[in-house]
Structures are given as C-alpha cells and as structure tokens.
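Here's the letter readout for the chains.
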Amino acid sequence: MPENAAEVTAAGIARLAGVGRAAVSNWRRRHADFPKPVGGTETSPSFALRDVEQWLRVQGKLAEVPLRERVWQELSGHPAGAVTALGHAGRVLLLVRDRPTGWLELAAVSDKRLPAVLPMALDNVLKARFGAQRAAVPTPAPAELEPSVPLLRGAAELAAEIGARQAFEFLLGRYLDANPRQYTLTPTGPAELMAALAGADTPGRTVLDPASGTGELLRAVRQPAALYAQDADPELATLTALRLALHGDADVRAAAGDTLRADAFPGLAADAVLCHPPFNERNWGHDELAYDPRWEYGFPARTESELAWVQHALARLRPGAAAVLLMPPAVASRKSGRRVRADLLRRGALRAVVALPAGAAPPYGIPLHLWVLRRPVAGERPGQELLLVDTAELAEPGGGRDKLDWQGVHRTVLEAWQPFDRDGGVEERPGRSRSVPVIELLDDDVDLAPARHLPPPAAGGGAAELADVRERLDDTLRLTRELAPGAAEPAAGGAAVRPGTTVGELVRAGALELRSGGTGTGPVPVLTEQDVLDGTAPSGALPEGPAPGEEPVEPVLVRAGDVVVPVLGAGPSARVVDEATAGAALGRNLQLLRPDPAALDPWFLAGFLRGTANNRQASSYASTATRLDVRRLQLPRLPLAEQRRYGDRFRALAEFESALRLAGRLGEQLVQGLYDGLTDGTVEA
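For clarity, every value in this text was computed on a predicted model and none was experimentally measured. (Residues numbered from 1 in each chain as written. Predicted model: local features only at pLDDT ≥ 70, side-chain atom pairs only at ≥ 80, totals over all residues. Heavy atoms only, no water.)

Peer 1: Explain unusual backbone geometry residue by residue, including any values.
Peer 2: The peptide bond linking proline 362 to proline 363 adopts the cis configuration, its omega dihedral lying at -5°. Positive phi outside glycine occurs at asparagine 589, with the angle close to 60°. Mapping asparagine 589 onto the fold places it in the loop between strand E19 (585-586) and strand E20 (590-595). (Helix = DSSP H or I, 4+ residues; strand = E, 2+ residues; numbered from the N terminus.)

Peer 1: Talk me through the packing of helix H18 (residues 463-483) against helix H23 (residues 640-680); I want residue IDs and the actual numbers.
Peer 2: Contact geometry for H18 and H23: axes closest at 9 Å, N-to-C directions at 155°. Overall, the two elements H18 and H23 adopt an arrangement that is roughly antiparallel. The hand of the H18/H23 crossing is left-handed. Two secondary-structure elements touch here, H18 through Glu465, Leu466, Val469, Arg470, Arg472, Leu473, Thr476, Leu477, Leu479, Thr480 and Leu483 and H23 through Glu655, Phe656, Ala659, Leu660, Leu662, Ala663, Leu666, Gly667, Gln669, Leu670, Gly673 and Leu674. Along the lines of polarity and charge, the residues of the contact of H18 with H23 split into 14 nonpolar, 5 polar and 4 charged. (Axes fitted to C-alpha atoms, helices over the stretch in contact; angles between N-to-C directions. Parallel < 35°, antiparallel > 145°, perpendicular 65-115°, else oblique. Left-handed = near helix turned anticlockwise from the far one by under 90°. Contact = heavy atoms within 4.5 Å. Nonpolar A, V, L, I, M, F, W, Y, C, P; charged D, E, K, R; others polar.)

Peer 1: I'd like to hear about the layout of surface pockets, residue by residue, with values.
Peer 2: Rolled over the atoms, a probe as big as a water molecule pinpoints where empty space is left. Volume-wise, the second largest pocket comes out at about 790 Å³. As for the second largest pocket, its lining consists of 28 residues, of which Arg575, Trp603, Ala654, Glu655 and Glu657 are closest to the centre. Contributing elements (two or more residues each) for the lining of the second largest pocket: strand E18 (575-576), helix H21 (602-609) and H23. For the lining of the second largest pocket, the leading source of residues is H23, giving 10 residues. Looking at side-chain class alone, the lining of the second largest pocket contains 16 nonpolar, 5 polar and 7 charged residues. (1 Å grid on protein atoms, 1.4 Å probe; cavity = no way out; pocket = protein on both sides within 12 Å on 5 of 7 lines; lining within 4 Å. Points joined across faces, edges and corners; volume = space filled by probe spheres on them.)

Peer 1: Give a detailed account of the pairing of strand E3 (residues 45-48), specifying residues and quantitative values.
Peer 2: The sheet contact formed by strand E1 (residues 7-9) and E3 spans 3 bridges and is antiparallel. Bridging from a neighbouring strand, glutamate 7 pairs with alanine 48 of E3. With 2 bridges joining them, strand E2 (residues 39-40) and E3 adopt antiparallel strand pairing. Note on E3: the bridge partner recorded for glycine 40 is proline 45. (Pairing = 2+ DSSP bridges.)

Peer 1: Run through the environment of alanine 580, naming residues and quoting values.
Peer 2: Topologically, alanine 580 is positioned in the loop between E18 and E19. When the C-alpha atoms of alanine 580 and alanine 121 are compared, they prove to be 60 Å apart, with 459 residues separating the residues in sequence.

Peer 1: Report on the sheet that holds strand E6 (residues 251-256), specifying residues and quantitative values.
Peer 2: Spatially, 9 strands are ordered E6-E5-E4-E7-E8-E10-E9-E11-E12 in an open sheet, and the strand pairing comes out mixed. Unpaired on one side and paired on the other, E6 and strand E12 (433-437) mark the two borders of the sheet. Averaged over all adjacent pairs, the angle separating strand axes in this sheet is 15°, with direction ignored. Judged from the 5 bridges that link them, strand E9 (residues 350-355) and strand E10 (residues 369-374) form a sheet pairing that is antiparallel. Residue pairing in the sheet places leucine 350 in a bridge with leucine 373 of E10.

Peer 1: Break down the sheet that holds E20 for me, citing the residues and quoting the values.
Peer 2: Pairing is antiparallel in the open sheet, where 4 strands are placed in the order E14-E20-E17-E18. Each edge of the open sheet carries a strand with a single partner, namely strand E14 (512-516) and E18. Judged from the 2 bridges that link them, strand E17 (residues 563-566) and E18 form a sheet pairing that is antiparallel. Among the inter-strand pairings, valine 564 is bridged to a residue of E18, identified as arginine 575. Sheet contacts for H21: E14, E17, E18 and E20; angle to E17, the most-contacted strand, approximately 15°.

Peer 1: How would you sum up the domain arrangement of the chain? Please name residues and give values.
Peer 2: It is common to give the size of an interface as the accessible area that goes away when the parts come together. Domain boundaries in the chain define domain 1 (7-63), domain 2 (68-178), domain 3 (188-452) and domain 4 (500-637). Of note, the centres of domain 1 and domain 4, computed from C-alpha atoms alone, are 33 Å apart. (Domains from an automatic or database assignment.)

Peer 1: Got a sec to walk through the side chain of histidine 88? Specific residues and values, please.
Peer 2: Considering the arrangement of structural elements, one finds histidine 88 in helix H5 (residues 82-98). For histidine 88, a relative accessible area of 4% gives the class buried. Once residues lying within four places of it in the same chain are set aside, the contact partners of histidine 88 are His78, Pro140, Glu144, Leu145, Ser148 and Leu152. (Buried < 20%, exposed > 50% of the residue type's maximum accessible area, 1.4 Å probe, protein only.)

Peer 1: Tell me about H21, residues and numbers included.
Peer 2: Of all 8 residues in H21, 8 are buried; the element is thus mostly enclosed. Of all the residues in H21, the buried ones are Pro602, Trp603, Phe604, Leu605, Ala606, Gly607, Phe608 and Leu609. The N-cap residue of H21 is aspartate 601: its side-chain oxygen and the backbone nitrogen of tryptophan 603 are 3.1 Å apart. (Polar contact = N/O pair within 3.5 Å; in protein donor to acceptor, adjacent residues only side chain to side chain.)

Peer 1: Requested: an account of the packing of aromatic side chains, with residues and values cited.
Peer 2: How two aromatic rings sit relative to each other is set out by the distance from centre to centre and by the angle between their planes. Within the structure shown, the criterion is met by 12 aromatic pairs. With 5.7 Å between their ring centres and 85° between their planes, phenylalanine 34 and phenylalanine 47 make a pair best called edge-to-face. Note that phenylalanine 34 is positioned in the loop between helix H2 (21-30) and E2 and phenylalanine 47 in strand E3, a separation of 13 residues in sequence. Residue phenylalanine 34 is classed as buried on the basis of its relative accessible area, which comes to 4%. Residue phenylalanine 47 is classed as buried on the basis of its relative accessible area of 0%. Considering the side-chain rings of phenylalanine 34 and tryptophan 55, the 4.8 Å spacing of their centres and the 70° angle between planes classify their relative orientation as edge-to-face. Here phenylalanine 34, found in the loop between H2 and E2, pairs with tryptophan 55, found in helix H3 (residues 49-58); they are 21 residues apart in sequence, far enough to count as distant. In this pair, the class of phenylalanine 34 matches that of tryptophan 55, namely buried. The structure contains a cluster of three or more aromatic residues connected by ring pairs, namely Trp27, Phe34, Phe47 and Trp55. (Phe/Tyr/Trp six-rings, centres within 6.5 Å; stacked < 30°, edge-to-face > 60°.)

Peer 1: Give me the pattern of salt bridges: which residues, what numbers.
Peer 2: Applying the stated criterion to the full structure yields 37 salt bridges. The shortest N-O distance in the salt bridge between aspartate 111 and arginine 153 comes to 2.6 Å. Here aspartate 111, found in the loop between helix H6 (100-107) and helix H7 (114-130), pairs with arginine 153, found in helix H9 (residues 149-162); they are 42 residues apart in sequence, far enough to count as distant. A relative accessible area of 42% places aspartate 111 in the partly exposed class. Judged by its relative accessible area of 22%, arginine 153 falls in the partly exposed class. For aspartate 123, the salt bridge goes to lysine 127, with nearest N and O atoms at 3.3 Å. Placement of both aspartate 123 and lysine 127 in helix H7 is noted, with a separation of 4 residues, approximately one turn of the helix. Its relative accessible area of 43% is what places lysine 127 among the partly exposed residues. One salt-bridge network, in which partners are shared between bridges, spans Arg97, Asp98, Arg129 and Asp249. (Salt bridge = Lys/Arg side-chain N within 4 Å of Asp/Glu carboxyl O.)

Dropping the structure here:
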C-alpha cells in the first residue's frame, strides 16, 4: 500500500456502503479482518480507501462503489488536502474538455509513468486558457501529481459520464457543502440579479470580480468575452480560474493577492464589475493607501472598508460602465462614510440602492443592499436622482432564505431599474420604489437606506380593505363560537386502559407507510414544517433541477388522507392532508404516515399522535433540540368503527383550531392596519 494512498473516515465508509455510522462501528468490533486505521485520531480514525473497498466487496456489502462516491472519497482523503486534490482534478478535467484526444493518449500509460508525462500536456492547455502569466494556476510537478493518479483517472471517467464541467461542479459543490463555515458564498439568485443590473448579461463583455471567492458572480455572466478574477486566498483563486474555464470559452485571467493593497489588474477598463466584498474589515490598508489615486470620491475611514471597495470598482470601469456591489446595510447610513456617499451622489456615480430581503445572502440574518454604480463620462451632466428600491416585503416573516421569492425580487428590482436607467426617473410605488432627487439626500446624514425615503403603502390597502378584514373577522369569530367544543365530560370509571400498539409495529404490519421528506427537485410547492405548525398552504419550493453532477431525485408527494408529523422540536403536532394540499412535496424535518384506509382512520391516527404524553415518551433530548421518533408513538387498538368515532371528534377539534388561527391572523391584520392608518392619516380618528 503506498504511503500516500487516499484515506477515508468512518462516515465515508458508511456513505460508501449506504449504512449508518453505528454499522461501521459494529463491523470494526465483530470482524477481525476489518482494515486497521492508518491515520486520524483515536476518536476519529481514518482507513485506507482501497483496503476498505476491497473488504466491503469481499463481505458482499458493496457490489460496486458508485463512481461519484469513489472519486469524492479519493479527493476528500487526498494526503495533500482536498483543495489541492480539487485543483489537480480541475486541471485534468480542463484537459479532458479542451483536448480529449490528448487525454486519451495519456490515459493509456501506466499509473507509474502518468505523473511524469502529464505536466507537459497540462502546461500546454493551461497556457492556452490562462495565458503565459498564470501564477494562480501553475502546472503541478510530477511528484505533486503522484498521489493524485487514482483521483485523476476517476475524475476523467466521471467527465465521460456527465461532462467535465458537471464533474468539477459536483466535486466543488461537495467540498463546499462539507466546509460551510470556511467560505462566504454568494447564492445564485443575487448573483444573477447583480449581473442583470450591471448589464453583464449582455454577450461579449469584459467583467471583473475583485473579490471573486468561488466565482459565483462571474459564473452568472452570460457569454462574456473575458473574465477577470482576484482573491486574497490563493487556493480559491485557483479553483475559481478552473471553474470559469470549464464553464465556458471566455478568456479567464485570475490572480491571487490582496486586491486593495496589490491590485493585479491596474490598467483594466472593464465593461462591468461585480463584487461581494468582505464586510467590516478594519485591516484593509487604511494606513498604507492614504494617497492612492483610487480614492477619487474621498479617502474612506478605517471603518469604511466597503467604500474602499466601491471606489476600487469604479476605478476599474471604462467610462459609462456599471458596477454592482453587495453591501451590508450599515454602509448606507454610517456617519463615518457620509462625505464619500455625498460625493458619489453629487458626481452621479451612485445610481441605485436596493434593499434585499433578509436571507438573500450571507450573513443571512440581515437585509443586505445592492449598490449600483456607474463611472461618470467626462463632459456628461451627472444624474440628478437616485433610485431606491425596498424588497423586504417579498420575504415571509420568519420564513428565512427557504421562503424567499427570488423571482419576485428579481422582477421587482428590474421593473424599477430598467426605466430609471433609460429615462433617469421612475414612477413611484409606495413602499417599494422611488427615484429621489439627489438634493434631498445631501443633508447632514446623507442616509441612503431605502426604507427611510420610501412612502409607506396604504395601510392594509386602505379603509375599504380594513372594513373587509373586519367583516371577515366577525364571520370567523361567529364560526369559532359554533365550533367551540362543549364542556368536557369525565370518562366513566376514570382513565381507560386499552391494549395498544406503536407506529413502528403498524408499519411492519403493512397498515402504515412511513416516508421522510426533504429531498427532490421539480416545479411543485413544498409543505414545510412551519406550514404544518401554522395550518397554512404549502409555501416552500424545490430546486428546479439537481445540482451539477447529481442524479435527479423524485420528491415525496403528499396525498389526501396522509398524516404529516414534524420531528424536530415542534411539540405535539400532526396534520391530515386535505385535497387542497395534496400533490405538494414533503419538506425537511417532516415524516409522512400513509394509513391503509381499511385498517386505520387518518383523523384517529393524527389525534392520538398529538397527545402530549405520547410525544414525550417518543422523544429524545439533545443539548440543543428535541427529536421525535415517530416509530415509538403509540395508538390504542380499536375497531375501525370506534376509530371513526374518535376521528370525528378530532376532526371537529382541528376545524375549531383552524378557525382560531384565522381569527388571530385577521385580528393582527386589523390592529396593525388601524395603527398604520391612524398614524399616516388614511383613516379618521
């Protein structure tokens, strides 16, 4: 066994074999021939991947390792680290994509000889794609490539199956998923919106991202002529360069280094700049860069690193070209930045500030802003107005990023920006968008937060809609009185003792089908955990398609009569699916129980699953969450006719609960609407 062979942890073994971690622990205890650890720690040992594969095959626990999994395990267990391995794989995938015949000739040589002959081929293709000056993507030496040979052959095999670009996206996506806190990613929704605002989706553009990260912003550019990327992290610069080269045929120029201190493209005049800069940096070069010519609009304060990035972006544009930056909201109003903001306004460089809903991009807890800038053209009169857009209302309260209506955000922003960009002004939409005269903003604060300058929408739609809400509330309150259960009568003879069973036993007997949610793709709404708790319609959405390199997965679709149960810290809750909800996909942290109607009544099932004592005995408790083991929930053994009698009572309780919830929502809407109407003068006191 070579010393530099790929290693795999117990979690990786479990994934290879399609079992849980506990099964791997059992194998280690019960089988003397199980491979011995070759690395890691006592509590988290690692094993030689090839030894593990061989043992699993001999034991009949693995007929064949899935190709994707084998390549990923080779990458994640690489002795030089996953990032280095990913860079090696990306280079070979680029060779496979651009010169497939050359790779086939190389692939025919032995594993021992391949590292010696591969660098020359890689050098040729890397020069062709990145130019002679390509410090971000150097050619690996033969000794560096030796431990990567199994990975490189596997990656090329995966490329033949799904395509070189898709293979790299799969490996990069799996790596980023495994290290979520190490990188700040820009989601696809904001990236595409930023490209559209900057005009970067017009073919043939030269586009720069001076803080490129993993390349998401530049990947959103359609048919570019050239892409320029710089990042302070050399490893990210390498991965981004390879990702962009595999994504299309544009010229790609990538560099590693601190952009503000050591700009790699000082002479560039780009057609567009897209940037998600690091936020709230104190050590951005304030002391060294005091006389830098980029500070055309004023020297940024030490606490205003974002305004340094704004001016860097403007300095790298050709006259008349646009830049779009993703910014923390505080930049629009901090006192330390008001002089720079004022000069950006006076000279027409800042054209729009767009407030995004919370959850649009990390950090997900705050509503970030987009700044749209344009480099002034000599001799042209500066714009006299600033466009302000607020899309905060397009996110449901408490919904987070999973419930964010990105299509609605995209449409709302562009419907305001396009006429403003064309005409210099836009029709006002209360609470949503407005073009504000620059002179109104040049006060002592120069506060550019959109919410502070947009007129509020009519309270609750105005007095007429408030009257309609009041009428609906009256009807709902009457309904709650009609549905309210009568006084509870004590059971004769005290608490009944009945023979019982568990959900697990019913599943094994075939009376119930148990399914878990949270996977799948497609254009169907998702019934979320919050929807079940609130009794509302399905509000979530699935990805439109699988991630690059992944196989499509069918979602679990609910049917009328199914019972849906939250399993993560929600307390006693169960919902019977009605015809209106049928067809939705089952969301994360939910389990579906599909009863055989000849054996179980769904309302009887849901009612007994909601019992507090029942949930308590079926729950496990960790330090941060409570998890319900649905299989341990108990039900009494009753004839179907008796089940239906209980079911009718449980259904009546559910209808009463639904009416109470609706009354509460209408009451909150009426109260807030009256507060707003009285304070803004649209309702008489």
